Amino acid sequence: MRSLLIGCLAVVVGAACSTPAVTPVPAVSVPPTMTDRTERAARTRACPTTPTLIGRVQDVQLNEISGVVESTKNPDVLFVHNDSGDSPRFFAINRRGETLAELDLESVPLLIDAEDIALGRGPGDGSYIYLGDTGNNFASFGQGIPRRKAVLYRIPEPDLPSSARNLKLPLREAFPIVLTFPDGARDVEAFFIDPASGDLIAISKQPDGRSQVLTATAAQLAGGGGELALLGELRFGQAPLT
């Protein structure tokens, strides 16, 4: 099952996407808004509606992949991590599912419940990995360890060649970003970094079907965290959701 899952995920992040043919725009004067729409359409990548298996995860250590993100430095590299119960680490694999490297976070004592991984800006406008120890099953289902905070770890994105195989790399720099909630703990299962603003957008999972959308500014992330702000709410059917 996990091999099929990562194959599908790889498709989502662009493995099986192709740039559609774009008819050249005649060289005529057009309003700026039309130009903007044409340029956006030309940059759009179309993905098939049916996932395509492109690889199989081969490392038995990757037994419950929870998050995946495509490297900005090498499009053949995907950064992935396990769900709760794993040590402070993540992995780099290629699109065939082969392990390139295990990356150990030497300065992080414990990951309680890692849920997602993202790439975004950081100090000096460099590219950084954000690994989220944000899960909270107690908040969702009354199970596990009660947590009042979520933690992101900001790590400079490593530059890994496609030729790497089964490396074990220690990473000494992992900047903790501690986040609190405006109205009680939440189980944050997904997040991303806005590429334009550098802000964090996080989505909680709740069994009542009402998931909060929360945010922290780029300045908060740079300063080590703070209280998340509520942006809105997503509704997914009727409670109880499992």
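Residues numbered from 1 in each chain as written. Predicted model: local features only at pLDDT ≥ 70, side-chain atom pairs only at ≥ 80, totals over all residues. Heavy atoms only, no water.

Engineer: Help me understand the sheet that holds strand β10 (residues 188–193), please; the structure alone is not making it clear to me.
Structural biologist: Strand pairing within a sheet occurs via backbone hydrogen bonds; the two strands may be parallel or antiparallel. The strand order across the open sheet built from 4 strands is β10-β11-β12-β14, with neighbouring strands paired in antiparallel fashion. Only two strands of the sheet have a single partner each, and these edge strands are β10 and β14 (229–235). For this sheet the average axis-to-axis angle between neighbouring strands, irrespective of direction, equals 20°. In this sheet, strand β12 (residues 210–216) lies alongside strand β11 (residues 200–204) in antiparallel orientation, the contact comprising 4 bridges. Looking at β12, one finds that L200 is bridged to A216. (Pairing = 2+ DSSP bridges. Helix = DSSP H or I, 4+ residues; strand = E, 2+ residues; numbered from the N terminus. Axes fitted to C-alpha atoms, helices over the stretch in contact; angles between N-to-C directions.)

Engineer: Explain the pattern of salt bridges to me, please; I cannot follow it from the model alone.
Structural biologist: Any two side chains of opposite charge can pair, given that their charged atoms come close. In total, this model carries 11 salt bridges according to the counting rule given. Of the charged contacts, one joins E233 and R235 as a salt bridge, the two residues approaching to 3.1 Å between their closest N and O atoms. By relative accessible area, which is 61% here, R235 ends up exposed. Counted as one network, the salt bridges with shared partners bring together D86, R89, E102, D104 and K168. (Salt bridge = Lys/Arg side-chain N within 4 Å of Asp/Glu carboxyl O. Buried < 20%, exposed > 50% of the residue type's maximum accessible area, 1.4 Å probe, protein only.)

Engineer: Teacher, can you tell me more about the confidence of the model for the protein chain here?
Structural biologist: Residues shown with low pLDDT carry predicted positions that ought not to be read at fine detail. Model confidence for the protein chain is summarised by a mean pLDDT of 83, while 76% of its residues fall at 70 or above. Counted against residues more than four places away or in other chains, residues 1–35, with its pLDDT under 50, gives 51 contacts. (pLDDT = per-residue confidence, 0-100. Contact = heavy atoms within 4.5 Å.)

Engineer: What exactly am I supposed to notice about the packing of aromatic side chains here?
Structural biologist: For any pair of aromatic rings, geometry is given as the distance between the ring centres together with the angle between the planes. A complete count under the given rule lists 1 aromatic pair for this structure. Between F79 and F90, the aromatic rings sit 5.9 Å apart at their centres with planes inclined by 75°, giving edge-to-face as the arrangement. Separated by 11 residues along the polypeptide, F79 in strand β2 (residues 77–82) and F90 in strand β3 (residues 89–94) bring together distant segments of the chain. Looking at F90, the relative accessible area reads 0%, which means it is buried. It is R154 that lies over the ring of Y128; its NZ or CZ is 5.4 Å from the centre. (Phe/Tyr/Trp six-rings, centres within 6.5 Å; stacked < 30°, edge-to-face > 60°. Lys NZ or Arg CZ within 6 Å of the ring centre and 35° of its normal.)

Engineer: How should the nonpolar core be read in this particular structure?
Structural biologist: Most often, soluble globular proteins keep nonpolar side chains buried together rather than apart. Membership of the largest hydrophobic core comes to 23 residues, with the highest contact counts inside it found for F79, F90, A92 and I155. Elements supplying a minimum of two residues to this core: β2, β3, β4 (99–105), β5 (116–121), β6 (127–133) and β7 (150–156). Looking at this core, the element that brings in the most residues is β4, giving 4 residues. If sequence neighbours within four positions are ignored, A92 has contacts with V77, L78, F79, E98, T99, L100, A101, L103 and L160. (Core = buried A, V, L, I, M, F, W, Y, C linked by side-chain atoms within 4.5 Å.)

Engineer: Quick question: what am I supposed to make of the sheet that holds β3 here?
Structural biologist: The strand order across the open sheet formed by 5 strands is β1-β2-β3-β4-β8, and the pairing between neighbours is mixed. Each edge of the open sheet carries a strand with a single partner, namely β1 (65–70) and β8 (167–171). For this sheet, the mean angle separating the axes of adjacent strands, direction not counted, is 25°. Relative to β8, β4 runs parallel, the two being bridged by 5 bridges. Bridge pairing in β8 places L105 opposite L171.

Engineer: Whenever I open this one, unusual backbone geometry confuses me. Can you help?
Structural biologist: Keep in mind that most residues, glycine aside, have a negative phi and that most peptide bonds are trans. Not every positive phi belongs to a glycine, and D125 is a case in point at roughly 60°. Residue position: D125 is located in the loop between β5 and β6. The backbone phi angle of N166 is positive, close to 55°, even though this residue is not glycine. Mapped onto the fold, N166 is located in the loop between β7 and β8. For N166, a relative accessible area of 61% puts it in the exposed group.

Engineer: So what exactly am I meant to see when it comes to the pairing of β3 here?
Structural biologist: By the criterion of burial, β3 is predominantly enclosed, with 6 of the 6 residues buried. Here β2 pairs with β3 via 4 bridges, running antiparallel. Of the residues in β3, the one forming a bridge with L78 is I93. Linking β2 back to β3 in an antiparallel pair, the connection comprises 6 residues, with G85 at a positive phi of about 95°.

Engineer: Help me understand the environment of Q238 in this model?
Structural biologist: Locating Q238 in the fold gives a position in the segment after β14. Among the residues examined, Q238 registers a relative accessible area of 67% and is labelled exposed. Taking the C-alpha atoms as reference points, Q238 and P207, 31 residues apart in sequence, are found 8.9 Å from one another.

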